[in-house]
There are 2 protein chains.
Amino acid sequence: MFLSPLVSELVEALRVLPGVGPKSAQRMALHLLERNRSGGARLADVLVRAMEHVRECSDCQNLTEQARCHICESPARDHGLLCIVENPVDLLAIESSGSFRGVYFVLKGHLSPLDGIGPKELGIPRLLERVRAGEIREMILATNPTVEGEATAHYLRESLRDQTALIVTRIAHGVPMGGELEFVDGNTLAHALAGRTSVG
Amino acid sequence: MFLSPLVSELVEALRVLPGVGPKSAQRMALHLLERNRSGGARLADVLVRAMEHVRECSDCQNLTEQARCHICESPARDHGLLCIVENPVDLLAIESSGSFRGVYFVLKGHLSPLDGIGPKELGIPRLLERVRAGEIREMILATNPTVEGEATAHYLRESLRDQTALIVTRIAHGVPMGGELEFVDGNTLAHALAGRTSVG
């Protein structure tokens, strides 16, 4: 390398960020050193605090620096309506839509036996316990419509067959709003047709 | 925002990096928190050290944590051959080509009177002093072939008219290797024709 050891080390360290290759890391390092040292120092400070203090919400496993996250703590949310998502980004996507007032449970992944990820790794025993305690009226399965996401949703549904009072729903699959039928894949169209609703 | 305050703060802090918008910053923050806390902590540590200790080489203004950079320190380099570049990235580009064994002077910009960037801001007085001391045999002007880069090169050339023993050269402009004439702009072609060399 043609950079000084410490600058090289910074370039290397920046590559832990997703989507950052050697060229981008070099550009980032030089930008911080030449134009924004205070921004770099602030980033370092926030990184230290975040890596130390951010943990899982004891109720929903979402990322938070409190014992319980602001959604689980909020009295304005419907705590009887529980939405199961795979990842914090999925939670963010649903929150951004502004159309859900219940609470969440973040699995942080999906069942994947080959990778050694079973129900325990996803916190499912804790989730089942919470549902069985009886406070949940409806559980919405919002795992991704992939093979693994469907399998995880199926597992959760089957695990709670004994809860006869519990309503278990799955988010609708169909043609995305603003999309054109021409460009929608056959599998999605099949789901859209099977899940058709009356308009009259 | 739907993220906890500390996570939001991390997303915001990551946006100091060039080319990182709100979506990428969010992805980076969640990636570090969920999958690579040790990488995040190491990045914070290196950032702190780099922002504190990296400074300018006293000879060439390149970034280094030493008083003089490894190129200026090296006895293997030709200290009579001085290449003037605008930025550390330009130095890296030339070093990567492996075709230069002299030393550098990094201006860290170009003359831009409207932005208040004059010779003093670029360290040009120090450069002129060094050249006048008589150790430099040849000065290669490798500023960018832009209006500002050309003006900066012109200013340096004119400032050293009195140094009759000094050879001042400009890097060649022409058709890039591997390029096709068809796609080269007219200005570059004009330079390529004017700078033609004998092949016989």
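Everything in this summary refers to the structure shown in the same document. (Residues numbered from 1 in each chain as written. Chains lettered and ligands numbered in written order. Predicted model: local features only at pLDDT ≥ 70, side-chain atom pairs only at ≥ 80, totals over all residues. Heavy atoms only, no water.)

### What about empty space enclosed by the protein?
Then step 1. This structure, assessed with the given rule, holds 2 cavities of 30 Å³ or more.
Then step 2. Looking at the largest cavity, its volume works out to about 70 Å³.
Then step 3. Around the largest cavity, the lining residues are N62(A), L63(A), H70(A), P88(A), L91(A), L92(A), F2(B), L3(B), S4(B), V7(B) and L30(B).
Then step 4. Across the lining of the largest cavity, the residue classes break down as 8 nonpolar, 3 polar and no charged.
Then step 5. Here the second largest cavity defines a volume of roughly 40 Å³.
Then step 6. Looking at the second largest cavity, the residues that line it are F2(A), L3(A), L30(A), N62(B), L63(B), P88(B), L91(B) and L92(B).
Then step 7. In terms of residue count, the dominant contributor to the lining of the second largest cavity is helix α5 (residues 88-97) of chain B (3 residues).
Then step 8. The class makeup of the residues in the lining of the second largest cavity is 7 nonpolar, 1 polar and no charged. (1 Å grid on protein atoms, 1.4 Å probe; cavity = no way out; pocket = protein on both sides within 12 Å on 5 of 7 lines; lining within 4 Å. Points joined across faces, edges and corners; volume = space filled by probe spheres on them. Nonpolar A, V, L, I, M, F, W, Y, C, P; charged D, E, K, R; others polar. Helix = DSSP H or I, 4+ residues; strand = E, 2+ residues; numbered from the N terminus.)

### Considering the interface of chain A and chain B
Often, the extent of an interface is quoted as the loss of accessible area upon association of its parts.
Then step 1. Each partner contributes residues to the interface: chain A has 50 residues there, and chain B has 50 residues.
Then step 2. Across the interface of chain A and chain B, roughly 5000 Å² is buried in total on both sides, 72% from carbon and sulfur atoms.
Then step 3. Three residues, F2(A), L6(A) and M51(A), lead the burial of chain A against chain B; their summed loss comes to 15% of the area buried on that side.
Then step 4. Across the salt bridge formed by R49(B) and E9(A), the nearest N and O atoms sit 2.7 Å from each other.
Then step 5. Put simply, chain A and chain B have 10 residue pairs in polar contact (both at pLDDT 80 or more) between them. (Contact = heavy atoms within 4.5 Å. Buried area = accessible area lost by both parts, 1.4 Å probe. Salt bridge = Lys/Arg side-chain N within 4 Å of Asp/Glu carboxyl O. Polar contact = N/O pair within 3.5 Å; in protein donor to acceptor, adjacent residues only side chain to side chain.)

### Thoughts on the pairing of strand β5 (residues 138-141) of chain A
Residues and elements named next belong to chain A.
Then step 1. Direction of pairing for strand β3 (residues 78-85) relative to β5: parallel, over a ladder of 4 bridges. Of the residues in β5, the one forming a bridge with C83 is I140.
Then step 2. For β5 and strand β6 (residues 167-170), the ladder comprises 4 bridges, and the chain directions are parallel. Following the sheet pairing, L141 is matched in β6 by R170.
Then step 3. The parallel pair β5 and β6, bridged by helix α8 (residues 147-159), forms a crossover whose chirality is right-handed. (Pairing = 2+ DSSP bridges. Right-handed = clockwise from strand over helix to strand, strands pointing away.)

### A word on the sheet that holds β3(A)
Residues and elements named next belong to chain A.
Then step 1. If you trace the 4 strands from one edge of the open sheet to the other, you get β4-β3-β5-β6, paired in parallel fashion. On the outer flanks of this sheet lie β4 (102-106) and β6, each paired with one strand and no other. In this sheet, neighbouring strand axes are inclined to one another by 25° on average, regardless of whether the strands run parallel or antiparallel. (Axes fitted to C-alpha atoms, helices over the stretch in contact; angles between N-to-C directions.)

### Quick notes on the relation of the copies chain A and chain B
Then step 1. For the pair chain A and chain B, the relating rotation is 180°, the translation along its axis is 0.0 Å, and the fit reaches an RMSD of 0.0 Å. Taken together, the rotation angle and the small translation identify this as a two-fold axis. Relative to the rotation axis, the C-alpha of A44(A) is the closest in chain A, positioned 2.1 Å from it. (Least-squares fit on C-alpha atoms with pLDDT ≥ 70 in both.)

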